[in-house]
Amino acid sequence: MNLIYQKTLKKTVSFEGVGLHSGKISKVKLCPTGPNQGITFKRIDLLKDNLISANYKNVCETFLCTKLKNDFNVKVSTVEHLLAALYMSGVDNALVEIDNEEVPIMDGSAKDFVELIDKVGLEIQNQKINYLFINKNLELRDQNKYVSISPGNRIFEVNFKLSYANKVIGSQENTINLFNNDRLKDIYSSRTFCLLEDVEKIKALGLARGGSLNNAIVVDDNKVLNKNGLRNHLEFVNHKILDLCGDFYLSGFRVLGSVKCNHGGHKLSCDFIKNLMREKTCYKIGTLENKIDKKI
């Protein structure tokens, strides 16, 4: 993968599927764009004020998914898996046209997105990638949950610890370098999960209307209810790493540093990115060949 220059899709790719929480079918197109555009969602079911930048400033909700809205209260939700796929596939610039409010959940992971992007390929553009280089430690805690970052050039290493009372999930930990790592299949193919005892509670809130064993791992007291079981032995924590990757891409940059997270989620990750971007002494922005401070 070219790590110096920005990339977009070689051509438009389309997909459709059900929204996890809305239960509605959405049709989506991933379209190539020019350099320095970043990732932008376009609600094509609306005639105006329908562009939503994939940026931490636009995060409006983080309960069970990450939701964005623009200044005109136009929203798009469950963006985290698609953003993680774009990050891991090397896409810096893309327009995401969607005809509904929620990105399809597909199989509950980012696998379908990554495979579609790989199928059409990437176009290298004539502008260099701006990276966010961490040069100072930063931490955010919420009781037993925390996320921290420390300097680490040429890595985006994530160490994630997960601990559940449920015996099937239990305690899991994994460390992966998401930067310049071609062996990410276990991460992008790991599915979202929930406990069977929580399903009715979530549905009572008007959520998970599109949820099923086809797009989520459901865990009973001592077993996984999905017919074929788990895809990898660390699928629970690997999915949490997938979510974190998507949420961190909302910084608007490819972050280079070492992240540690304990039992985090969308709220903690998005709050952390907001704090990080405010703490301008914690980072510098520049290319891999020339670290230059930039105002944002």
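As shown above, the structure is provided for reference.
On a predicted model such as this, the values are computed, not experimentally measured, just so you know. (Residues numbered from 1 in each chain as written. Predicted model: local features only at pLDDT ≥ 70, side-chain atom pairs only at ≥ 80, totals over all residues. Heavy atoms only, no water.)

1. Description of the packing of helix H5 (residues 235-248) against helix H6 (residues 266-278)
- Two elements in contact, H5 and H6, have axes whose closest approach is 9 Å; the angle formed by their N-to-C orientations is 30°. One way to sum up the angle between H5 and H6 is to call them roughly parallel. Considering how the two elements wind past one another, H5 and H6 form a crossing that is right-handed. Between H5 and H6, the contacting residues are Asp-243, Leu-244, Asp-247 and Phe-248 on the first element and His-266, Ser-269, Cys-270, Phe-272 and Ile-273 on the second. (Axes fitted to C-alpha atoms, helices over the stretch in contact; angles between N-to-C directions. Helix = DSSP H or I, 4+ residues; strand = E, 2+ residues; numbered from the N terminus. Parallel < 35°, antiparallel > 145°, perpendicular 65-115°, else oblique. Left-handed = near helix turned anticlockwise from the far one by under 90°. Contact = heavy atoms within 4.5 Å.)

2. Looking at the sheet that holds strand S6 (residues 59-61)
- Read from one edge to the other, the open sheet built from three strands follows the order S6-S7-S8, with strand pairing classed as antiparallel. Both edges of this open sheet fall to S6 and strand S8 (75-77), since each of them pairs with a single strand only. Strand-to-strand, the axes of this sheet are offset by a mean angle of 35°, without reference to chain direction.
- The sheet contact formed by S6 and strand S7 (residues 67-69) spans two bridges and is antiparallel. In the sheet register, Val-59 faces S7, and the bridge partner there is Leu-68. (Pairing = 2+ DSSP bridges.)

3. Section: unusual backbone geometry
- Of note, the phi angle at Asn-36 is positive, near 65°, even though the residue is not glycine.
- With respect to the helices and strands, the residue Asn-36 is situated in the loop between strand S3 (25-31) and strand S4 (39-43).
- Look at Asp-49: it is not a glycine, yet its phi comes out positive at around 50°.
- Position of Asp-49 among the secondary structure elements: in the loop between S4 and strand S5 (51-53).
- Given a relative accessible area of 32%, Asp-49 falls into the partly exposed group. (Buried < 20%, exposed > 50% of the residue type's maximum accessible area, 1.4 Å probe, protein only.)

4. Section: H6
- Over its 13 residues, H6 extends 18 Å from the first C-alpha to the last, a length consistent with the 18 Å expected when each residue adds 1.5 Å.
- When we look at burial in H6, the residues that qualify are His-266, Leu-268, Ser-269, Cys-270, Phe-272, Ile-273, Leu-276 and Met-277. (Expected span 1.5 Å × (residues − 1).)

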